[in-house]
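# Fold and contact review
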Amino acid sequence: MPPLVKIRSERDQMSAIERRIADFILDNAHLLRDYSSQQLASALGVSQSSVVKFSQKLGFKGYPDLKYSVGTAVARNGDGTPAPQREPAADADAYTRLQEGLRRSKAAAEEETRSLNPRANIEAIVELLDQAGKVFVCGLGDDGLFAREFAMRLSLLGLLTVHHADPILMMANLSAVRPGDTLVMFSEFGKLPQLSQVSRQFQACEGKVISITRHTANPLRAHADAALVISAHDPAPHVEQLLYRSSLQSLLDFVFVLLCQSNPDRYRQLNINLERIQQMLDS
């Protein structure tokens, strides 16, 4: 696992001092080569031994090993050298660089997201969905767009799916929840109090909650029975949002494909439903 991905994946389990070190490295990875362990410790107001122990806890021999690994990762994923500036091809070069840079950023975000969602976690979530009596799907705003599409896909597989874009209506529908039902809650940052409240009430009805959020510490993820996490990081906010959407869609696509492959009855039902829809479109 790349060093920065490893730091992000383990940050939630770190102590306060370790999180301070982790956050500095994540925010200043390109500057780490200029810091000795003593300089880093002084900048953060921690002991040098804390920096060394932090490195060893991540599986490195020491701080120099960590610094080298981060530096290599930054060099590998950093921007390339600008192409020679020839006036006739300047626009084409800029176009190509932008296109290739976005492609690489999306690929990197999707790879980090795959690394942060172990096979055992995803298979457990697929089992929860496959065996649920009913699947409730909830998301607000942009999250609601993904929630609605995912709910539709689950319905095509023959799962009884209830989609909500309003937490108040979702709360009112809790009377329909039975033990073994599952709630899939979409929330990029997982901090909306009303979503956490719905989640806890759903669990009080003996249902299971699956959260889908960024890979950050947040209340929704902390109290969920299972979690899918998304990695998306870029200095430009509009690009970071694109990376989040791309990584989330890729992960949801994989969960859907696993549901199709793990249960032949679901797959047969999918084909039946798709054929019915096609007949309606053709009529």
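Here the structure is a predicted model, which is why all the values come from computation and not from measurement.

## Observations concerning the sheet that holds strand E3 (residues 182-186)
Sheet architecture is open: five strands sit in the order E2-E1-E3-E4-E5, paired in parallel fashion. Because the sheet does not close on itself, it has two edges, and the strands there are strand E2 (161-164) and strand E5 (226-230). The average angle at which neighbouring strand axes cross in this sheet is 15 degrees, direction not considered. Sheet contacts for helix H10 (residues 193-204): strand E1 (135-139), E3 and strand E4 (208-214); angle to E3, the most-contacted strand, approximately 170 degrees.

## Side note on the pairing of E2
One face of the sheet, then the other: side chains in a regular strand alternate in exactly this way. Summarising the sheet, E1 and E2 pair through four bridges and their orientation is parallel. Residue valine 137 lies in a different strand from E2, and its bridge partner there is histidine 163. At this point the chain moves from E1, through helix H8 (residues 142-156), to the parallel E2, and the crossover so formed is right-handed.

## A short note on the pairing of E4
A large share of E4 lies buried, amounting to six of its seven residues. Where E3 meets E4, five bridges bridge the pair, whose relative direction is parallel. Across the sheet, the residue bridging to valine 184 is isoleucine 210, located in E4. Read as a crossover between parallel neighbours, the route from E3 over H10 to E4 is right-handed. Here E4 pairs with E5 via five bridges, running parallel. Residue pairing for E5: serine 211 is matched across the bridge by alanine 227.

## Describing the confidence of the model for the protein chain
Looking at the protein chain, pLDDT values average 89 and 94% of them are 70 or higher. Within the protein chain, no element has a lower average pLDDT than helix H1 (residues 3-10), which sits at 83, and none a higher one than E3, at 97. Overall, residues 79-88 carries pLDDT values under 50, and its contacts beyond four positions in sequence, including any with other chains, amount to five contacts.

## Comments concerning the packing of aromatic side chains
Using the criterion set out here, one finds three aromatic pairs in the structure. Centroid distance phenylalanine 24 to tyrosine 35: 5.4 Å. Interplanar angle 75 degrees. Geometry classified as edge-to-face. Of this pair, phenylalanine 24 sits in helix H2 (residues 16-27) while tyrosine 35 sits in the loop between H2 and helix H3 (37-44); the two residues are 11 residues apart in sequence, bridging distant segments of the chain. Using a relative accessible area of 23% as the deciding quantity, one classes tyrosine 35 as partly exposed. Each ring, one from phenylalanine 150 and one from phenylalanine 186, has its centre 6.1 Å from the other, and the planes form 65 degrees; the classification is edge-to-face. Of the two residues, phenylalanine 150 sits in helix H8 while phenylalanine 186 sits in strand E3, which places them 36 residues apart along the sequence. The cationic tip of arginine 153 hangs over the ring face of phenylalanine 256; the distance from NZ or CZ to the ring centre is 5.3 Å.

## Digging into the layout of surface pockets
Empty space within the second largest pocket amounts to approximately 190 Å³. Lining the second largest pocket are 14 residues, with Leu116, Pro118, Asn121, Arg221 and Ala227 positioned closest to its centre. Of all elements in the fold, only helix H6 (90-116), helix H7 (119-131) and E5 reach the threshold of two or more residues within the lining of the second largest pocket. Grouping the constituent residues of the lining of the second largest pocket by class yields seven nonpolar, five polar and two charged.

## Quick notes on the environment of glutamine 249
Mapped onto the secondary structure, glutamine 249 falls in helix H12 (residues 237-262). For the pair formed by glutamine 249 and methionine 1, sequence separation is 248 residues and the distance between their alpha carbons is 22 Å. Among residues more than four places away in sequence, those in contact with glutamine 249 are Phe146, Glu149 and Arg153.

## Here we look at the side chain of asparagine 117
Secondary-structure assignment places asparagine 117 in the loop between H6 and H7. You can call asparagine 117 buried: its relative accessible area is 5%. A distance of 2.7 Å separates the side chain of asparagine 117 from the backbone oxygen of threonine 113, its partner in a polar contact. The contacts of asparagine 117, once residues within four sequence positions are left out, are Ile122, Ala227, Leu228, Val229 and Leu251.

## With respect to the nonpolar core
Ranked by size, the top nonpolar core spans 35 residues in total, and within it Leu129, Val137, Phe150, Val184, Phe186, Leu248 and Val255 carry the most contacts. Listing elements by their share of this core, those giving two or more residues are H7, E1, H8, E3, E4, E5 and H12. Dropping the residues within four chain positions of it, phenylalanine 186 is found in contact with Val137, Cys138, Gly139, Leu140, Asp143, Phe146, Ala147, Phe150, Leu195, Ile212, Leu248 and Leu252. Grouped together as the second largest cluster of nonpolar side chains are 20 residues, Ala29, Phe60, Leu66 and Val70 included.

## Some words on the pattern of salt bridges
Tallying each qualifying case throughout the model produces 14 salt bridges. Note that lysine 57 and glutamate 18 form a salt bridge whose closest N and O atoms lie 3.1 Å from each other. Of this pair, lysine 57 sits in helix H4 (residues 48-57) while glutamate 18 sits in helix H2, and the two are 39 residues apart along the sequence. Since its relative accessible area comes to 51%, lysine 57 is described here as exposed. Overall, the relative accessible area of 15% leaves glutamate 18 in the buried class. Note that aspartate 181 and lysine 134 form a salt bridge whose closest N and O atoms lie 2.9 Å from each other. Note that aspartate 181 is positioned in the loop between helix H9 (167-172) and E3 and lysine 134 in the loop between H7 and E1, a separation of 47 residues in sequence. Note on aspartate 181: relative accessible area 2%, which makes it buried.

Analysis parameters
Residues numbered from 1 in each chain as written. Predicted model: local features only at pLDDT ≥ 70, side-chain atom pairs only at ≥ 80, totals over all residues. Heavy atoms only, no water. Pairing = 2+ DSSP bridges. Helix = DSSP H or I, 4+ residues; strand = E, 2+ residues; numbered from the N terminus. Axes fitted to C-alpha atoms, helices over the stretch in contact; angles between N-to-C directions. Contact = heavy atoms within 4.5 Å. Right-handed = clockwise from strand over helix to strand, strands pointing away. Buried < 20%, exposed > 50% of the residue type's maximum accessible area, 1.4 Å probe, protein only. pLDDT = per-residue confidence, 0-100. Phe/Tyr/Trp six-rings, centres within 6.5 Å; stacked < 30°, edge-to-face > 60°. Lys NZ or Arg CZ within 6 Å of the ring centre and 35° of its normal. 1 Å grid on protein atoms, 1.4 Å probe; cavity = no way out; pocket = protein on both sides within 12 Å on 5 of 7 lines; lining within 4 Å. Points joined across faces, edges and corners; volume = space filled by probe spheres on them. Nonpolar A, V, L, I, M, F, W, Y, C, P; charged D, E, K, R; others polar. Polar contact = N/O pair within 3.5 Å; in protein donor to acceptor, adjacent residues only side chain to side chain. Core = buried A, V, L, I, M, F, W, Y, C linked by side-chain atoms within 4.5 Å. Salt bridge = Lys/Arg side-chain N within 4 Å of Asp/Glu carboxyl O.

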